[in-house]
Amino acid sequence: MFPALVTAGATRNPVDAIRYLSSGATGTTGLALATALAATHDVVLLGSEEACLRGRDSGLAMATFGSTRDLMAKVEHQLRSRPGGVFVHTAAVGDYEAEALATKIPSGQAELVLRLRPTPKIVDRVRDWDPTVFLVSFKAGSPDWDESRLLAVAGAQRGRSRSDLVFANRIGDLDQSCAIVGPTGVERFGDRQAALARLVERIVARE
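Residues numbered from 1 in each chain as written. Predicted model: local features only at pLDDT ≥ 70, side-chain atom pairs only at ≥ 80, totals over all residues. Heavy atoms only, no water.

Peer 1: Looking at this structure, I do not really get the pairing of strand β9 (residues 134-141). What am I missing?
Peer 2: On a regular strand, each side chain points to the face opposite its neighbour's, so the side chains alternate between the two faces of the sheet. For β9, the tally of buried residues reaches six of eight residues, placing the bulk of the element in the interior. Taken together, the four bridges between strand β6 (residues 86-89) and β9 define a ladder with parallel strand orientation. Within β9, the residue paired with Val86 across the bridge is Phe134. Note that the unit made of β9, helix α5 (residues 147-161) and strand β10 (residues 165-170) has a crossover that is right-handed. (Buried < 20%, exposed > 50% of the residue type's maximum accessible area, 1.4 Å probe, protein only. Helix = DSSP H or I, 4+ residues; strand = E, 2+ residues; numbered from the N terminus. Pairing = 2+ DSSP bridges. Right-handed = clockwise from strand over helix to strand, strands pointing away.)

Here it is, written out as structure tokens:
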């Protein structure tokens, strides 16, 4: 079986000893894709704690990640140690991080200002770690984007990261309007489950 690496869930970028920046992503999509691909691939799921808890009875090989930098290091390790497979990057990766304190920020302050800096773009490094991997990345657009903008941004991501496929949808419209952007054009879907099923077909066929 070809190796497959799937990321799922949201990163947690620490602010202090107990607080972090994150999103509401649960890892449901990544877990579903990892389970579907397990029939034809040797799958490892890199998941948030919530995603791995959801998948505890799936039989998948799993490992957890924390921050964006932790996820990046684990993705690099997996791709370098198991090259030539598939990488499906569904995780909601935090775009910003703080200079985290080792202690707890005192509560009760009238105002708290955080200075954030951009995190590395994991998907843009993938080809450095495994030039032969079949790369599937995800793009979630803002709710106020129209289809043309979503597809333009997804296409730019595909070119920049050299993704084979990009799965695109809008936040707030996840279950209805989806698209797969690939080398031969765009496939549009009005049903998310149908779109994900088609994505699995294309990953298996590597098309």
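Peer 1: How should empty space enclosed by the protein be read in this particular structure?
Peer 2: Enumeration over the complete set of coordinates arrives at one cavity of 30 Å³ or more. As a volume, the largest cavity reaches approximately 50 Å³. Forming the walls of the largest cavity are Pro3, Ala4, Leu5, Gln78, Leu79, Arg82, Gly85, Val86, Asp130 and Val133. Where the lining of the largest cavity is concerned, the elements lending two or more residues are β1 (2-8) and α3 (68-81). A per-element tally of the lining of the largest cavity places β1 first, with three residues. Of the residues that constitute the lining of the largest cavity, the class distribution is six nonpolar, two polar and two charged. (1 Å grid on protein atoms, 1.4 Å probe; cavity = no way out; pocket = protein on both sides within 12 Å on 5 of 7 lines; lining within 4 Å. Points joined across faces, edges and corners; volume = space filled by probe spheres on them. Nonpolar A, V, L, I, M, F, W, Y, C, P; charged D, E, K, R; others polar.)

Peer 1: Mind showing me how you'd approach the pattern of salt bridges here?
Peer 2: Oppositely charged side chains can form a pair if their charged atoms are brought close together. Going through the model one piece at a time under the given rule, you end up with 17 salt bridges. A salt bridge links Arg160 to Asp124; its shortest N-O distance comes to 2.8 Å. With Arg160 in helix α5 and Asp124 in the loop between β8 (116-118) and α4 (126-129), this pair connects stretches of sequence that are 36 residues apart. Salt-bridge contacts for Arg198 lead to Glu201; the nearest nitrogen and oxygen are separated by 3.2 Å. Pair noted here: Arg198 and Glu201 are both in helix α6 (residues 192-205), with a separation of three residues, about one helical turn. Judged by relative accessible area, Arg198 falls into the partly exposed class, the value being 23%. Relative accessible area serves as the criterion here: at 48%, Glu201 is assigned to the partly exposed category. (Salt bridge = Lys/Arg side-chain N within 4 Å of Asp/Glu carboxyl O.)

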